[in-house]
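# Fold and geometry: a report
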Amino acid sequence: MIASIRAALFADRRRPAVWSITVAWLVLALAFGIGIPYIVYSVLSGGDDPAAAQAILEALLPAQLVPTGIALFPLFGGAIVVILGALVVGNEYRWGTLNLIFTQRPRRVQVLGGHAVALALLTLILSVATFVVVAIATAVLAAVEGQAANWPSVGAIVRAVAAAWLICTAHACLGYFLAIVFRNTATAIAIGLLWTLVIENAVSGMALVLTPFEYVQKLLLAPSSGALAGALGAPSQFEGGTPGVVASSNGWLPMLVLIGYIVVTLGAALWVADRRDVS
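Residues numbered from 1 in each chain as written. Predicted model: local features only at pLDDT ≥ 70, side-chain atom pairs only at ≥ 80, totals over all residues. Heavy atoms only, no water.

By the naming in an unreviewed UniProt entry, the protein goes by ABC transporter permease and is assigned to Micromonospora sonneratiae.

Rendered as C-alpha cells:
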C-alpha cells in the first residue's frame with residue numbers, strides 16, 4: 001500500500017494537468033475572493049455610498065480570512081477538484097497503465113487505494129495553499145489601505161482549512177468515482193460538473209418554493225459544502241456573499257453528509273474496480 005501511495009504521488013507530481021489545475025484555482029481564488037471585491041470597493045469608495053465601500057473593504061482584511069477563504073470552496077473550488085479527482089485516476093485508464101499494473105503483483109484495491117490517499121493529500125495541499133495565498137493578499141491589501149491586520153485565531157484558521165479539505169476531498173472523490181466507473185476522464189468530468197453545477201443547483205432553486213426539496217437539498221454535495229461554509233461565518237449568497245454559500249447555524253449535519261460522500265464514493269469505486277474485468 002505504501003508503495004502504491006508513493007507511486008501515485010510520483011505520477012501526480014509529473015502530470016502537467018495537476019499543476020495547471022492547482023495554479024488555475026489559486027488564480028481564481030485570488031480573483032473571486034480578493035480582486036473583484038476590491039475593484040467594487042474602489043468604484044464605490046469614489047461614489048456616493050462610502051458605507052458600502054467600507055463594508056466591502058472590511059470583508060477583505062485579515063480579520064475576515066476565515067469567511068473569505070472558506071466561501072470560495074463550495075461552488076468554485078468544488079468544481080475544480082471534481083476535475084482533479086477525475087484526472088488523477090482517469091488518465092491511468094486512458095493510457096492503459098492500470099490494465100498493465102492490475103496483471104502484476106499489486107491488488108487492485110491497493111493500487112486504487114494508493115491513488116485515493118494521494119488524492120486526499122493533493123486536496124489538503126490545495127486547501128492549505130488557498131488560505132496561504134488569500135492570507136498574503138489580505139495582508140498586502142491591509143498595508144496598502146493603511147488598515148490594521150487583526151488575524152483570526154490559529155484554531156479558527158485550522159478549522160477553516162479542515163473544512164475546506166473536507167469539501168475538496170468530497171468533490172474530488174466524486175470525480176474519482178466517476179472516472180473509475182466510466183474509465184474515461186472526459187465523461188467523468190462532464191457528468192461531475194453537470195451534477196454539481198446544474199442538477200444540484202436546480203434542486204436548490206426548487207427548494208426555495210417547494211418544501212420537500214429542502215430535505216433533499218440537505219443531502220446534496222454542493223449545498224452541504226455551502227452550509228458548512230456558512231456555519232463557519234461565510235455570508236450566504238442571499239446576504240451578498242459568495243454564490244454557493246448557504247446560511248447555517250450548525251455544521252455537524254453538512255460535515256456528516258460530506259464524510260458520507262467520501263465513504264460511499266470511495267467504497268463504490270473500489271468495489272467496482274475490484275470486481276469487473278480488467279479490460
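### Brief notes about the overall build of the protein
The helix and strand tally for the protein stands at 12 helices and 0 strands. Reading the protein from its N end, one meets helices and strands in the order α-α-α-α-α-α-α-α-α-α-α-α. For the protein, whose C-alpha radius of gyration is 20 Å, the value lies close to the compact-globule estimate of 19 Å for 279 residues. In terms of its C-alpha atoms, the protein occupies a principal-axis envelope of roughly 70 × 45 × 30 Å. Residues counted as buried form 44% of the 279 residues belonging to the protein. Once local pairs closer than 6 in sequence are excluded, the contacts in the protein between residues at least 24 apart make up 77%. Looking at the protein as shown, the accessible area adds up to about 13,300 Å², and 69% of this sits on carbon and sulfur atoms. Between the averaged position of the 13 positive side-chain charges in the protein and that of its 11 negative side-chain charges there is a distance of 24 Å. (Helix = DSSP H or I, 4+ residues; strand = E, 2+ residues; numbered from the N terminus. Rg over C-alpha atoms; globule rule 2.2 N^0.38 Å. Buried < 20%, exposed > 50% of the residue type's maximum accessible area, 1.4 Å probe, protein only. Contact = heavy atoms within 4.5 Å. Areas by Shrake-Rupley, 256 points an atom, 1.4 Å probe, with all protein chains shown as cover. Lys, Arg positive; Asp, Glu negative; His and termini not counted. Charge placed at Lys NZ, Arg CZ, Asp CG, Glu CD.)

### A short note on the UniProt feature "transmembrane region" (unreviewed entry) in the protein
In the numbering used here, UniProt assigns the feature "transmembrane region" (unreviewed entry) to residues 21–41, 70–90, 111–144, 156–182, 189–210 and 252–273. Helix and strand shares over residues 21–41 are 100% and 0% respectively, and the end C-alpha atoms of the span are 29 Å apart. Overall, residues 189–210 shows 86% helix and 0% strand. The separation of its end C-alpha atoms is 30 Å. (UniProt positions renumbered as here; feature names shortened; annotations may be inferred.)

### Things to note about the packing of helix H8 (residues 154–182) against helix H11 (residues 221–231)
Remark: H8 packs on H11, axes separated minimally by 10 Å, with the N-to-C direction vectors making an angle of 175°. It follows that H8 is roughly antiparallel to H11 by the angle criterion. Where H8 approaches H11, its residues Ala163, Leu166, Ile167, Ala170, His171 and Leu174 are matched on the opposing element by Leu221, Ala222, Ser225 and Leu228. Per-class residue counts for the contact of H8 with H11 are 8 nonpolar, 2 polar and no charged. (Axes fitted to C-alpha atoms, helices over the stretch in contact; angles between N-to-C directions. Parallel < 35°, antiparallel > 145°, perpendicular 65-115°, else oblique. Nonpolar A, V, L, I, M, F, W, Y, C, P; charged D, E, K, R; others polar.)

### A closer look at a nonpolar patch on the surface
Together, Val128, Val132, Ile136, Val140 and Val144 line one region of the surface with nonpolar side chains, adding up to about 430 Å² of accessible area. As for its position among the elements, Ile136 is in helix H7 (residues 108–145). (Patch = residues over 30% accessible without salt bridge, like charges linked within 9 Å, V, L, I, M, F, W, Y side chains within 5 Å. Salt bridge = Lys/Arg side-chain N within 4 Å of Asp/Glu carboxyl O.)

### Let's talk about the packing of helix H2 (residues 16–45) against helix H3 (residues 50–59)
It is at 8 Å that the axes of H2 and H3 come closest, and there the two elements cross at 155°. Regarding the angle of H2 to H3, the classification is roughly antiparallel. In the packing of H2 onto H3, the handedness of the crossing is left-handed. Where H2 approaches H3, its residues Pro37, Val40, Tyr41, Leu44 and Ser45 are matched on the opposing element by Ala52, Ala53, Ile56 and Leu57. For the contact of H2 with H3, a count of residues per class yields 8 nonpolar, 1 polar and no charged. (Left-handed = near helix turned anticlockwise from the far one by under 90°.)

### So, the environment of Arg14
With respect to the helices and strands, Arg14 occurs in helix H1 (residues 2–14). With a relative accessible area of 61%, Arg14 lands in the exposed category.

### A look at helix H9 (residues 185–207)
Here H9 is 23 residues long and its end C-alpha atoms lie 32 Å apart, about the 33 Å a rise of 1.5 Å per residue gives. A maximum bend of about 35° is found in H9 at Trp195. Those residues of H9 that sit buried are Thr185, Ala188, Ile189, Gly192, Thr196, Glu200, Val203, Ser204 and Ala207. Along its buried surface, H9 packs onto helix H5 (73–95), H8, helix H10 (212–217), H11 and helix H12 (252–275). (Expected span 1.5 Å × (residues − 1). Bend = angle between axes of the 7 residues up to and from the residue.)

### Topic: the pattern of salt bridges
For the coordinates displayed, the defined rule picks out 1 salt bridge. Note that Asp12 is salt-bridged to Arg15, the shortest N-O span being 2.5 Å. For Asp12, a relative accessible area of 3% gives the class buried.

### Some words on the packing of aromatic side chains
Going through the model one piece at a time under the given rule, you end up with 4 aromatic pairs. With a centroid separation of 5.6 Å and an interplanar angle of 35°, the aromatic rings of Tyr38 and Tyr41 are classed as tilted. Note that Tyr38 and Tyr41 are positioned in helix H2 at a spacing of 3 residues, about one turn of the helix. Seen from their ring centres, Phe73 and Phe131 are 6.1 Å apart, and the 15° between their planes marks the pair as stacked. Of this pair, Phe73 sits in helix H5 while Phe131 sits in helix H7, and the two are 58 residues apart along the sequence. Note on accessibility: Phe73 and Phe131 belong to one class, buried. Ring-pair connections join several aromatic residues into one group, and the members of that group are Trp25, Phe73 and Phe131. (Phe/Tyr/Trp six-rings, centres within 6.5 Å; stacked < 30°, edge-to-face > 60°.)

### Some points on unusual backbone geometry
Residues apart from glycine generally show negative phi values, whereas peptide bonds are mostly found in trans. In this structure, Arg183 is a non-glycine residue whose phi angle is positive, near 50°. Positionally, Arg183 belongs in the loop between H8 and H9. Relative accessible area serves as the criterion here: at 30%, Arg183 is assigned to the partly exposed category.

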